Amino acid sequence: MAGSTEIRVSTTFFPAALLPNVPGGGRSDLIIHTSDTVFFYVHQSVLQARSSNNFGMLLSTSYYTSNTTSPERRNIHNQIPGTGDFLGGGPPQNMAFIESSPPDQANVIPAIFVSEESVVFNTILHLVYDMPCGRYGPSIEVISNALEALPRYGLSTPGPTNEIWTVLLKQTEMDPLRVYSLGAAHAVDLVCMQSSEHTLNTSLSRLSEADAMAMGAIYLRRLFFLHFGRVEALKRILGPPPDTHANTAACSEATQNAVKKAWKAALAELLLAETPQATPVAAIVSAFGPIANSTQCLTCKERIQERIASVVLAWGNVKRVI
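Being a predicted model, the structure only gives us computed values, none of them experimental.

Novice: Is there a simple way to explain the pattern of salt bridges in this structure?
Specialist: Two side chains of opposite charge can pair, provided their charged atoms sit close to one another. If you walk through the whole model with that rule in mind, you get seven salt bridges. Notably, a salt bridge pairs Arg178 with Asp211, separated by 3.0 Å at the nearest N-O pair. Within this pair, whereas Arg178 is found in helix H6 (residues 176-185), its partner Asp211 is found in helix H8 (residues 209-238), the two being separated by 33 residues in sequence. For the residue pair Arg178 and Asp211, the accessibility class agrees, reading buried in each case. Between Glu274 and Arg206 there is a salt bridge, and its shortest N-O distance comes to 2.9 Å. Of the two residues, Glu274 is situated in the loop between helix H9 (253-271) and helix H10 (281-293) and Arg206 in the loop between helix H7 (189-199) and H8; the sequence distance between them amounts to 68 residues.

Novice: Just checking my understanding: could you explain the pairing of strand E3 (residues 39-42) for this structure?
Specialist: Side chains on a regular strand alternate between the two faces of the sheet. On E3, burial covers both faces: Phe39 and Tyr41 on one face and Phe40 and Val42 on the other are all buried. The pairing of strand E2 (residues 30-33) with E3 spans four bridges and is antiparallel. Bridge pairing links His33 to Phe39 in E3. In this antiparallel pair of consecutive strands, E2 and E3, the connection spans five residues, and Thr37 shows a positive phi of 65°.

Novice: How do you make sense of unusual backbone geometry when you look at a structure like this?
Specialist: Within the chain, Thr37 stands out as a residue other than glycine whose phi angle is a positive 65°. Tracing the backbone through its elements, the reader meets Thr37 in the loop between E2 and E3. Phi at Asn54 takes a positive value of approximately 60°, unusual for a residue other than glycine. Tracing the backbone shows Asn54 in helix H2 (residues 54-57).

Novice: How should the packing of aromatic side chains be read in this particular structure?
Specialist: Summed over all chains, the structure comprises nine aromatic pairs. A centroid spacing of 6.0 Å and a plane angle of 80° characterise the contact between Phe121 and Tyr153, whose relative ring orientation is edge-to-face. One end of the pair, Phe121, is in helix H3 (residues 118-128); the other, Tyr153, is in the loop between helix H4 (140-149) and helix H5 (163-169), with 32 residues separating them in the sequence. Pair check on accessibility: Phe121 and Tyr153 agree, each one buried.

Novice: Just checking my understanding: could you explain the packing of H4 against H6 for this structure?
Specialist: Geometrically, a packed helix pair is captured by the angle between its two axes and the distance between the axes. Closest axis-to-axis distance for the H4/H6 pair is 11 Å, and the angle between their directions is 15°. Overall, the two elements H4 and H6 adopt an arrangement that is roughly parallel. Classified by chirality, the crossing of H6 by H4 is left-handed. Along its contact with H4, which presents Ile140, Glu141 and Ser144, the element H6 presents Arg178, Val179 and Leu182.

Novice: Would you take a moment to explain H7 for this structure?
Specialist: Residue pairs spaced three or four apart in an α-helix point in one direction, given the helix's 3.6 residues per turn. Looking only at H7, the buried set comprises Val191, Cys192, Ser195, Ser196 and Thr199. Considered in projection along H7, the buried side chains sweep an arc of 125° and stay on one side of the axis.

Novice: What is the right way to look at the nonpolar core in this model?
Specialist: Side chains that are nonpolar tend, in soluble globular proteins, to be buried together. Formed by 44 residues in total, the largest nonpolar core has its most connected members in Ile32, Val42, Leu47, Phe121, Ile124, Tyr129 and Tyr153. Of all the secondary structure elements, the ones that give two or more residues to this core are E2, E3, helix H1 (44-50), H3, H4, H5 and H6. Tallying contributions element by element places H3 first for this core, with seven residues.

Novice: In this structure, what is going on with the side chain of Thr34? I would like to understand it.
Specialist: Structurally, Thr34 is set in the loop between E2 and E3. Its relative accessible area of 0% is what places Thr34 among the buried residues. A distance of 2.7 Å separates the side chain of Thr34 from the side chain of Asp36, its partner in a polar contact. The contacts of Thr34, once residues within four sequence positions are left out, are Phe40, Phe113, Val114, Glu116, Glu117, Ser118 and Phe121.

Cut-off values and rules
Residues numbered from 1 in each chain as written. Predicted model: local features only at pLDDT ≥ 70, side-chain atom pairs only at ≥ 80, totals over all residues. Heavy atoms only, no water. Salt bridge = Lys/Arg side-chain N within 4 Å of Asp/Glu carboxyl O. Helix = DSSP H or I, 4+ residues; strand = E, 2+ residues; numbered from the N terminus. Buried < 20%, exposed > 50% of the residue type's maximum accessible area, 1.4 Å probe, protein only. Pairing = 2+ DSSP bridges. Phe/Tyr/Trp six-rings, centres within 6.5 Å; stacked < 30°, edge-to-face > 60°. Axes fitted to C-alpha atoms, helices over the stretch in contact; angles between N-to-C directions. Parallel < 35°, antiparallel > 145°, perpendicular 65-115°, else oblique. Left-handed = near helix turned anticlockwise from the far one by under 90°. Contact = heavy atoms within 4.5 Å. Arc of directions from axis to C-beta. Core = buried A, V, L, I, M, F, W, Y, C linked by side-chain atoms within 4.5 Å. Polar contact = N/O pair within 3.5 Å; in protein donor to acceptor, adjacent residues only side chain to side chain.

This is the structure in structure tokens:
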């Protein structure tokens, strides 16, 4: 229609949406405008019920008039942005929206402005309404920003059974230290336990100061103990060389000392790897297997093979999670 202005509206939180956990199933009575100009139609009663600080002191029984200049609370009818006024030059990634014409003046409802981008605020609102958000595929960073914003709006951290943690854990292989850090920062032990095994493939030297601070002393200590504990276990398990036997004409003491020397060299090679705590069984067999082929003594061969078998069994029983 000529002269109309289109706005971007969430496809989940739109005016006629039937949302869960709304007392009486009422219609939305508040619009939230994000920093990238996407509009969310929500219910004050739901926000007030979930928030301990009146949703960051943004909710009130009275609202500013339509000619207010406040950037945090305003009448949306006088603040409609043009479709080309979308920050970043395009719609936010993974954030569904629809185009909608501005409401008639008679249907105007109050609006508030928030500093978060729509992808982050969409995640926050799904937590508020206790709705799954996995279909939007929020990234680790989006989840991190949403969780960080919760206290600002007087919202509590979601419990360990909330779907948000499952969504986060699905991205563990991408950045296990970051996922562990987020779980630790919010004391979600299940997330920390499941992600800690994946951190074994990453050197702790890559742990950022920010993530280390976010973990807190307890979870940081548990992670270090896991990594260093496994390295020490590897040394302990592989340290003793295969048992020797009485010297024979075919296998002298010098020959058996050569086996010991080769064993120590193989162990040193494994320990010098970037992530010895994640040493796979195949690497152990590959490092120590050739030693059995280096001697002609059948007794030495047998004892080397027995030693490798016992090492593999013992290493498989070493704890892999915090």
